[in-house]
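Here is what each chain is made of, one letter per residue.
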Amino acid sequence: MHTKIAGNKVWLLLLATMCVIWRLQPATATWQSQQNSNPAITQFGTPAANLQQCFEKTIFARSRSPAAVSHQAVAARRTIELVRVETLDDTYGGATVEIIGGAINTVNIVLSIADGNRKPLFKSNIKVTMFCAPPSDKTQNMHFHRTSDRTRLRFRPVELLLISLLLISGTSMVSGNSFSVTGNNLIVQLGTYAANLKQCFYQRIFAGTLSPETVTFTDQNGKSINFVTVETDQAIDYGGVSATVASGTLETSTSVSIRISTAPRTALFQNNVDVRMFCAP
């Protein structure tokens with residue numbers, strides 16, 4: 001009887017070891033032989049001589065892929081007319097680019113950008129440039145201000161140990177495929193953006209905070225809250241978020257609560273998350 005029990009334990013241990021080895025296999029291994037045929041330059045919109053550059057960002061090589069980039073114009077007449085995504089070293093081909101929020105010829109746009117070979121890291125620098133319609137004489141820049149900010153969390157050694165254990169257990173719930181995080185949950189937008197809206201709230205949820213987290217804001221001036229952005233700093237693979245309106249109604253309520261959780265689900269937020277709300281003028 002004891003020999004049979006010992007034999008079962010050996011088989012269980014062997015099975016567990018095989019499962020661990022299988023989970024450690026890189027999810028992108030099946031794509032290594034694929035050739036990246038994406039163009040080195042991807043454009044959305046139509047070039048025009050009078051367009052003016054209004055946004056530029058470089059996603060550096062070895063950064064996590066996919067990444068998300070967003071831009072909101074601060075004047076109604078400064079619509080985003082042209083977007084250019086350029087792979088600065090096209091030895092490995094271009095990037096996969098998709099508009100996942102907003103649109104060309106509007107004041108709001110969100111891009112999802114992934115390595116063309118579907119690797120978890122970008123192989124070369126990616127330059128994102130946006131061009132807007134020229135400003136008119138009546139255009140005035142909006143001045144944003146923070147109304148709320150959270151003090152950076154500090155942990156004692158015992159708390160850090162507990163957080164490490166939670167991170168390990170939380171990450172184990174995530175699929176080994178880094179593409180379970182997409183541009184759609186690196187930047188989440190709720191409501192409809194308009195250039196005349198004023199930023200009336202800001203709060204940062206720091207990495208290491210328990211997930212989910214609820215953020216509540218009440219505008220003391222009685223202005224309705226029309227638009228909300230929830231954006232991660234995109235530091236690691238499993239850094240996505242999901243966000244929903246827990247209470248209140250965008251565009252009519254002066255007080256709303258936003259429930260934010262990690263996506264894929266983990267016990268703690270893996271990245272810093274910035275929450276911004278925009279109120280009626």
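Refer to the preceding data block for the structure.
This write-up is about the structure you can find in this document. (Residues numbered from 1 in each chain as written. Predicted model: local features only at pLDDT ≥ 70, side-chain atom pairs only at ≥ 80, totals over all residues. Heavy atoms only, no water.)

Some remarks on the side chain of aspartate 115
Link 1 in the chain: Relative to the assigned elements, aspartate 115 resides in strand β6 (residues 108-115).
Link 2 in the chain: Notably, aspartate 115 is buried but unbridged: the nearest opposite-charge side chain belongs to lysine 123, and the N-O separation is 6.5 Å.
Link 3 in the chain: A distance of 2.9 Å separates a polar atom in the side chain of aspartate 115 from the backbone nitrogen of asparagine 117.
Link 4 in the chain: There is a polar contact of 3.3 Å between the side chain of aspartate 115 and the backbone nitrogen of lysine 119. (Helix = DSSP H or I, 4+ residues; strand = E, 2+ residues; numbered from the N terminus. Buried < 20%, exposed > 50% of the residue type's maximum accessible area, 1.4 Å probe, protein only. Lys, Arg positive; Asp, Glu negative; His and termini not counted. Salt bridge = Lys/Arg side-chain N within 4 Å of Asp/Glu carboxyl O. Polar contact = N/O pair within 3.5 Å; in protein donor to acceptor, adjacent residues only side chain to side chain.)

A look at the state of the cysteines
Link 1 in the chain: Tallied over the full model, the rule gives two disulfides.
Link 2 in the chain: Cysteine 54 shares a disulfide with cysteine 132; S-S distance 2.0 Å. Taking the torsion about the S-S bond as the criterion, the cysteine 54 to cysteine 132 disulfide, at about 70°, is right-handed. Of this pair, cysteine 54 sits in strand β2 (residues 52-59) while cysteine 132 sits in strand β7 (residues 126-132), placing them 78 residues apart in sequence.
Link 3 in the chain: The class for cysteine 54 is partly exposed, based on a relative accessible area of 24%.
Link 4 in the chain: Judged by relative accessible area, which is 2%, cysteine 132 ranks as buried.
Link 5 in the chain: Across a sulfur-sulfur distance of 2.0 Å, cysteine 200 and cysteine 279 are joined as a disulfide pair. In this structure, the disulfide formed by cysteine 200 and cysteine 279 twists by about 75° around the S-S bond and is classed as right-handed. One end of the pair, cysteine 200, is in strand β9 (residues 198-205); the other, cysteine 279, is in strand β14 (residues 273-279), with 79 residues separating them in the sequence. (Disulfide = S-S within 2.5 Å.)

Topic: the sheet that holds β2
Link 1 in the chain: With antiparallel pairing, the four strands of this open sheet are ordered in space as β1-β4-β7-β2. Two strands bound the open sheet, and with one partner strand each, they are β1 (41-45) and β2. On average, each strand axis in the sheet is inclined to that of its neighbour by 10°, with strand direction left out of account.
Link 2 in the chain: Where β2 meets β7, seven bridges bridge the pair, whose relative direction is antiparallel. Opposite phenylalanine 55, over in β7, you have methionine 130 as the bridge partner. (Pairing = 2+ DSSP bridges. Axes fitted to C-alpha atoms, helices over the stretch in contact; angles between N-to-C directions.)

Some words on the packing of aromatic side chains
Geometry of an aromatic ring pair is reported as the spacing of the ring centres plus the angle between the planes.
Link 1 in the chain: Applying the stated criterion across every chain yields a total of four aromatic pairs.
Link 2 in the chain: On the basis of an interplanar angle of 85° and a centroid distance of 5.9 Å, the ring pair of tyrosine 193 and phenylalanine 278 is categorised as edge-to-face. Placement of tyrosine 193 in the loop between β8 (187-191) and β9 and of phenylalanine 278 in strand β14 is noted, with a sequence separation of 85 residues between them.
Link 3 in the chain: Since its relative accessible area comes to 4%, phenylalanine 278 is described here as buried.
Link 4 in the chain: For the pair phenylalanine 227 and phenylalanine 278, a centre-to-centre distance of 5.6 Å together with 50° between the ring planes defines the contact as tilted. One end of the pair, phenylalanine 227, is in strand β11 (residues 225-232); the other, phenylalanine 278, is in strand β14, and 51 residues separate them in sequence. We note that phenylalanine 227, like phenylalanine 278, is buried. (Phe/Tyr/Trp six-rings, centres within 6.5 Å; stacked < 30°, edge-to-face > 60°.)

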